[in-house]
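Summary of the model geometry
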Amino acid sequence: MTFSAADSRYDTIRFRRAGRSGLQLPEFSLGLWQNFGDNRSFTTQRDIVLRAFDLGVTHFDLANRYGPPSRSAEKNFGRIVREDLSPYREEIVVTTKAGNPIGASPYLSGGSRKHLLSSLDISLRDLGLDYVDIFYSHSPDLNTPLEETVGALVSAVRSGKALYAGISNYGRDRALEAAHLLAAEGVPLLVHQSRYSILDQHIDRDGILDAATETGTGTIAYSPLAQGLLTDKYLSGSVPQDSRAADSAFLSANDITADYVSHAEELNRIAQERGQSLPQLALQWVLRRPDVTSALIGASSVAQLEHNLAATGFAELSTDELARIDAHAVDLSPR
Ligand SMILES: NC(=O)c1ccc[n+]([C@@H]2O[C@H](COP(=O)([O-])OP(=O)(O)OC[C@H]3O[C@@H](n4cnc5c(N)ncnc54)[C@H](OP(=O)(O)O)[C@@H]3O)[C@@H](O)[C@H]2O)c1
């Protein structure tokens, strides 16, 4: 059946400006890292993406390595675009990244011009798009001159294959340097994408968020639920069969420690006192800073997506509540 987007799609979602740019992004963005590979039902993937769009989530985050296998999430999303979302191309922001390893070849990882630009061409082919909205350097590569990596981002934008440039997982000083190099080329750094949640506050602690704000760069906060640790699914201390900790290389049963459970229980109690769920509290916490452009969530079902997007309808977090949350903000987020 032909997809027809809901007329109500912009009624409730709120948008925030990405740094000092003209681009506005929804407070919630959908990431296709874990649930959009060939190991998941395509029907569920499609349902999640289309429901997200119907709820005003216009921003879809991909990378060459998302799957498994690598590149399959881009192919699957490309199919959804082709079959359903192509009439709405102007209304969606599609991002991709290159730089993290996708194979043993030296040309399949790192920040070289060779890898970044050839990977972007393959991403565009797999996505079936003429351009992506944001092209990212996925991680810093300390063995490649930053000028080369930045030069590749500039080329991507100048060639029209990307509208904006982004970086991800950079430290403070390298992010500042990248921002200055890009600005000198007239291609402002749009966004810095970093992990940020109650259980991983390093971008606050290390000045990464403040540095982005100073340079007019937006911040995209990924894994705001610490991959599911900031939900109630692991509170019993066991690992449900259909959860990420049961079937992902990035979260495991070893992460569900007694220490984790005791902190998560306390955070859950604070959420319940406020009349919301733990994931809703965790998302509201990430978005409490106005300079966080968007919380980049994952979802393995439409129900999770809908539940999480309801996170903004609650009273502001008080100073007292923020202090209570901080008492349990131990760094338990898996690497
Ligand atoms: N730049 C980078 O290096 C980088 C790295 C990581 C991620 N990212 C981006 O960030 C996106 C989001 O990352 P993430 O998936 O780790 O985000 P997340 O929002 O922290 O975790 C999402 C996972 O939590 C569980 N979940 C979500 N809502 C739930 C709910 N209401 N109740 C119970 N469980 C719930 C689901 O896992 P289950 O499978 O257990 O249901 C879901 O897949 C990625 O897709 C990617 O786009 C970027």
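Attention in this report is confined to the structure presented alongside it. (Residues numbered from 1 in each chain as written. Predicted model: local features only at pLDDT ≥ 70, side-chain atom pairs only at ≥ 80, totals over all residues. Heavy atoms only, no water.)

Concerning helix H5 (residues 172–184)
Since the α-helix advances by 3.6 residues per turn, residues separated by three or four positions end up pointing in the same direction. The line we're drawing: Runs of H or I in DSSP of at least four residues are treated as helices and runs of E of at least two as strands, each being numbered from the N terminus. To estimate the expected span of a helix, subtract one from its residue number and multiply by 1.5 Å. Any residue under 20% of the maximum accessible area for its type is buried, any over 50% is exposed, and the rest in between are partly exposed; the area is computed with a 1.4 Å probe on protein chains only. The contact definition used throughout considers only heavy atoms, calling two residues in contact when any of these lie within 4.5 Å.
Taking 1.5 Å as the rise per residue, H5 with 13 residues should run 18 Å; its terminal C-alpha atoms sit 19 Å apart, in good agreement. Every buried residue of H5 is accounted for by Arg174, Ala175, Leu176, Ala178, Ala179 and Leu182. Check the buried side of H5 and you find it contacts helix H4 (146–158), strand E7 (162–168), strand E8 (189–195) and helix H7 (208–214). Downstream of H5 by a residue or two, Gly186 has a phi angle that is positive, lying close to 75°.

Quick look at the environment of Phe250
Counting through the fold element by element, Phe250 comes out in the loop between helix H8 (244–247) and helix H9 (258–273). Residue classification places Phe250 among the partly exposed positions, given a relative accessible area of 33%. For the pair Phe250 and Ala6, spaced 244 residues apart in sequence, the C-alpha separation works out to 35 Å.

Let's talk about the pattern of salt bridges
For clarity, the cut-off: What makes a salt bridge here is a side-chain nitrogen of Lys or Arg within 4 Å of a carboxyl oxygen of Asp or Glu, nothing more.
Counted by the stated rule, this structure contains 22 salt bridges. Close ionic contact of Glu27 with Arg14 constitutes a salt bridge, the shortest N to O distance being 3.4 Å. Of this pair, Glu27 sits in the loop between strand E2 (24–26) and strand E3 (28–31) while Arg14 sits in the segment before strand E1 (15–17); the two residues are 13 residues apart in sequence, bridging distant segments of the chain. Beyond isolated ion pairs, a larger network of salt bridges with shared partners links Asp204, Asp210, Arg288, Arg289 and Asp291.

Section: the pairing of strand E10 (residues 292–297)
Selection rule: One requirement defines pairing of two strands: DSSP has to find at least two bridges between them.
In terms of burial, E10 is a largely internal element, six of the six residues being buried. Across three bridges, the pairing between E3 and E10 is parallel. Residue pairing for E10: Ser29 is matched across the bridge by Leu296.

Details of the sheet that holds strand E6 (residues 132–137)
Which entries qualify depends on this criterion: Fitted lines through C-alpha atoms give the axes, limited to the stretch in contact for helices. The angle between two N-to-C directions lies from 0 to 180 degrees.
Strand order in the closed barrel formed by eight strands is E3-E4-E5-E6-E7-E8-E9-E10, and the pairing between neighbours is parallel. Averaged over neighbouring strand pairs, the angle between their axes works out to 30° when direction is ignored. Both strand E4 (residues 59–61) and strand E5 (residues 93–98) contribute to a ladder of three bridges, which runs parallel. What sits directly across from Phe60, in E5, is Val94.

By themselves these figures say nothing about function.
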